[in-house]
Amino acid sequence: MTTGLVYALIGAALAAGLAGVGSAVGVSLGGKAAAGVISEKPELFGRVLILQALPATQGIYGFLVAVLIMVKIGMIGGNPIALTNEQGLALFAAALPIAIGGLASGIYQGKMAAASISMTGKNPAMSARGMTMTAMVETYAILALLVSVLMYIAVPV
Amino acid sequence: MIVPVKKIRLLTAISEQGKLIEALQHESKFMLFEHENDPSLPSDINNELRAIERGIKALSKYKKKKFFAYHEVKQSEFNTIEAEGKALLSKINSALKTIENAEKEIAELQAEIKTLTPYLNLSVATKPLSELVRTRIVIGQVPLNLFEDFAKEADEKGHIFEESSRDHEFVYGAFGYEVVYESQALILLNSYRFTEVTLPLYDTKLKALLPELNDNLANKDKAILEAKDSLKALSNDEEKLRIYYDYYYNLALRKLVVTKTTERVAYVEGWVREDEFETLTKNLENKVDCDIEELAVQNEEMVPTATKNNKLVKPFESITNMFSVPNPNELDPNPAMSVWYWIIFGIMMGDMGYGLALLIIFGLFLKLAKPKGGLKDLATIFLYSSIPSIIFGILTGSFFGVSVDLLNIVGKWFGNPNLTSVVLQPVEDPLPMLIFSLALGIAHIITGLVLKIINDARKRDIKSMLADAVSWILILVGLVIAVVVKNQIVLYVAYGMIGIGAIFILLFSGRDKKGIIGKALAGLGGLYNVTSYLSDVLSYSRLLALSLSTAVIAFTMNLLAGMVGGIPVVGILFAAIVYLIGHVFNFAMGLLSAYVHDGRLQYLEFFGKFYEGGGYEFTPFSYKLKYVNAIKENE
């Protein structure tokens, strides 16, 4: 196993780990607000659950990039490739956008989701607008994912 | 299409007003001026409705639940259900009352038996004991550990104690003393923590009493069983009770309608769609003796928005209405929006397998469960969106994350192996997909700008049209041509278009501002909007990101399932579980993402260009049904 391979693995670990932390915090923030709402209005469970699930995507994006990297370096379904240090660091760099973007946007999207859930609790008709507003935060996670994937594809292995 | 509405007044004799309201509810074409979507009901009606609901709940315990229940009722049955429903409800209520009372009595009897049990062996009846003059008997219990000393001391002091029974804590029995020694006896009782119980006074011995109590208990049990049997028998009519609920609720809605009256005439005012006016007039005049007057709409009066679209567009109206209801003076955004929503949804799902899943799941759901209202609209939208999902699945060659080149397979059958239907590969080659997404975004935005032109043309606001719509179309199209075409002459044309667009913006953005400086600043500010157009177009890159994430996660799940499948013996089972859970998860998340992000693209990028909204829906006075799915017209 080469040092380059280890760099790439650290990248994959950060992508799945940090973006996962972002989503976990975000979903739990949404969940707290949701629990408060459904204690009073259990019939809104479906609506607030959707809102709570919105910050979950960052973790998925991070996981996705981690899997892509591991497939590329042969850690899943193949033999590990002897990466050079440059290749390894390049893949590490490719993992960073979704790792950092996922972490921060997951948490902030969770805060936004919590606000939308409270709004839904007061006025259930507004839940779709809350969803749209919450999804605006996710735009930056999507852009980060895009940059990660574009960089990942550009790295020759 | 937005249909114009008329303001009308319906007049009838006061005695006929009930009939008029009923006819209006039946026709469902007339919107009252004063209306509430969810009116608060008077408490007596609410109580009755709650009683009916309790009845339904009680009966449904005895009825097997159907997974997808569908209730349809004939109009004639619906109108005449009242007597039957009332009778049914009173039967249910009396049965419930019987059960409730019997249960209460059983609890009392059981409590009584429990108190009596320790004293069953007493040799005398309780009533004569209480009538003794010189001696007093108290019945109660002494803690077991103190009992020996207590018995001895009682004996020494000349009192008597008759033990009835004992358990591991107490000794139960009757204590007797002469009234003259009362104070001394009471001190004794206190010091040994004797607790007195009050037993009911009976003439017979307690032991002889027990069978009677048990008989009573059995009788009550039987009464409960009988009442439950009768409920079970009534449960066949549960359907009728449900109809009665809806009947009663709609009756209440009719009662809530406020008619205005003069000496002899009652009238209601409201809205009717112009295209339904004739039908309403005709149908009403057949049923009720009434006059219809058309009223003039005041200038500042808000008219409700009535939309009329075909079956394909109709469900998408709910998406628009969640954002804002169109105002009656603008172009209906729904036809254009529905097509774009449909296409974008398909790209975001982008998998043949998930498309088929959408088709099957929501097709069956609509067919079997027959949902109403918003849920029906949403399910229909998902059902429609299965088609573009399958198409884009074919174009990206993805079937549950496995690459499948459909046309190639078909081609091989016919001996032509060079065909391919895979034109976009988000995972292997994302750049073409990115360009496709952005191009689609530009087309979407230009559609919005065209709608803006139409709206401005209707308002005869040429300057706004040139500054905010035509200019940007020129710039966007010019930019696209400049990027795509390399021909020198065409390039000049493109630069020309961009230039003209910019000039329109500079000239007309400040149309409402006063003074040269104000106009100039507004013009420059208008040009600065180019950044917002840039971010709008880039926003469509989410099409690539979402189709990428769906594809890669599906691929990962297949990979994981394959790896687990390598385990001997149980491998296949585990692989099936991983495969199933993984794809269900991916499908659900993909559906949620597509729904949310498609909505966002419509609301912000598309509606932002032209849509005003701020209207309110035309909601005719009609039946509101909770339990019944549909009322069938009589044949």
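That block above? That's the structure.
Let me sum up the structure you'll find in this document.

Here is what the cut-offs are and how they apply
- Residues numbered from 1 in each chain as written.
- Chains lettered and ligands numbered in written order.
- Predicted model: local features only at pLDDT ≥ 70, side-chain atom pairs only at ≥ 80, totals over all residues.
- Heavy atoms only, no water.
- Core = buried A, V, L, I, M, F, W, Y, C linked by side-chain atoms within 4.5 Å.
- Buried < 20%, exposed > 50% of the residue type's maximum accessible area, 1.4 Å probe, protein only.
- Patch = residues over 30% accessible without salt bridge, like charges linked within 9 Å, V, L, I, M, F, W, Y side chains within 5 Å.
- Areas by Shrake-Rupley, 256 points an atom, 1.4 Å probe, with all protein chains shown as cover.
- Salt bridge = Lys/Arg side-chain N within 4 Å of Asp/Glu carboxyl O.
- Helix = DSSP H or I, 4+ residues; strand = E, 2+ residues; numbered from the N terminus.
- Expected span 1.5 Å × (residues − 1).
- Contact = heavy atoms within 4.5 Å.
- Buried area = accessible area lost by both parts, 1.4 Å probe.
- Polar contact = N/O pair within 3.5 Å; in protein donor to acceptor, adjacent residues only side chain to side chain.
- Nonpolar A, V, L, I, M, F, W, Y, C, P; charged D, E, K, R; others polar.
- Pairing = 2+ DSSP bridges.
- Axes fitted to C-alpha atoms, helices over the stretch in contact; angles between N-to-C directions.

**Quick word on the nonpolar core**
Turning to step 1, where the next piece is worked out: Ile69 of chain A together with Phe345 of chain B are the most contacted members of the largest nonpolar core, which totals 100 residues.
Turning to step 2, where the next piece is worked out: Membership of the second largest hydrophobic core comes to 49 residues, among which are Ile56, Tyr249, Phe277 and Phe621 of chain B.

**Focus: a nonpolar patch on the surface**
Residue and element names in this part refer to chain B.
Turning to step 1, where the next piece is worked out: On the surface, Ile567, Val569, Val570, Leu573, Phe574, Ile577, Leu580, Ile581 and Val584 cluster together into a nonpolar patch covering about 880 Å² of accessible area.
Turning to step 2, where the next piece is worked out: On the secondary structure map, Ile577 appears in helix H22 (residues 571-610).
Turning to step 3, where the next piece is worked out: We classify Ile577 as partly exposed; its relative accessible area is 40%.

**Digging into helix H8 (residues 206-234) of chain B**
Residues and elements named next belong to chain B.
Turning to step 1, where the next piece is worked out: In this model, H8 (29 residues) spans 42 Å end to end at C-alpha, consistent with the 42 Å of a helix rising 1.5 Å per residue.
Turning to step 2, where the next piece is worked out: Within the sequence span of H8, burial applies to Leu206, Leu209, Leu213, Leu217, Ile224, Ala227, Leu231 and Leu234.
Turning to step 3, where the next piece is worked out: Looking at the buried positions of H8, the neighbouring elements they touch are helix H2 (43-60), helix H4 (81-116), helix H5 (126-130) and helix H9 (238-256).

**Looking at the interface of chain A and chain B**
Turning to step 1, where the next piece is worked out: On the side of chain B, 32 residues touch chain A, which itself brings 28 residues to the contact.
Turning to step 2, where the next piece is worked out: Counting each side, the surface lost to burial between chain A and chain B is near 2500 Å², with a carbon and sulfur contribution of 83%.
Turning to step 3, where the next piece is worked out: Taken together, chain A and chain B are joined by zero salt bridges.
Turning to step 4, where the next piece is worked out: For the interface between chain A and chain B, the tally reads five residue pairs in polar contact (both at pLDDT 80 or more).
Turning to step 5, where the next piece is worked out: Looking at the side of chain A that touches chain B, the elements with two or more residues in it are helix H2 (45-53), helix H3 (57-72) and helix H5 (127-154) of chain A.
Turning to step 6, where the next piece is worked out: Element by element, the count of residues in the side of chain A that touches chain B is highest for H5 of chain A, at 15 residues.
Turning to step 7, where the next piece is worked out: Across the side of chain A that touches chain B, the residue classes tally to 23 nonpolar, three polar and two charged.

**Quick notes on the pairing of strand S10 (residues 265-273) of chain B**
Residue and element names in this part refer to chain B.
Turning to step 1, where the next piece is worked out: With eight of its nine residues buried, S10 lies for the most part within the structure.
Turning to step 2, where the next piece is worked out: By the bridge criterion, nine bridges tie strand S2 (residues 5-13) to S10 in an arrangement that is antiparallel. The residue bridging Leu10 from the neighbouring strand is Val268, located in S10.
Turning to step 3, where the next piece is worked out: Relative to S10, strand S3 (residues 30-32) runs antiparallel, the two being bridged by three bridges. Across the sheet, residue Leu32 finds its bridge partner in S10, namely Gly270.
Turning to step 4, where the next piece is worked out: Relative to S10, strand S9 (residues 260-261) runs antiparallel, the two being bridged by two bridges. Looking at the pairing, Lys260 lines up with Tyr267 of S10.

**Some words on the sheet that holds strand S8 (residues 195-196) of chain B**
Residues and elements named next belong to chain B.
Turning to step 1, where the next piece is worked out: Read from one edge to the other, the open sheet built from four strands follows the order S6-S7-S5-S8, with strand pairing classed as antiparallel. Only two strands of the sheet have a single partner each, and these edge strands are strand S6 (160-166) and S8.
Turning to step 2, where the next piece is worked out: Pairing of strand S5 (residues 135-143) with S8, which is carried by two bridges, proceeds in the antiparallel orientation. Looking across to S8, one finds that Gly140 is bridged to Glu196.
Turning to step 3, where the next piece is worked out: Seen against the sheet, helix H6 (residues 144-156) touches S5, S6 and strand S7 (170-178) and runs at an angle of roughly 150 degrees to S5.
Turning to step 4, where the next piece is worked out: Of the strands in this sheet, S5 and S7 are in contact with helix H7 (residues 182-191), which crosses S7 at around 165 degrees.

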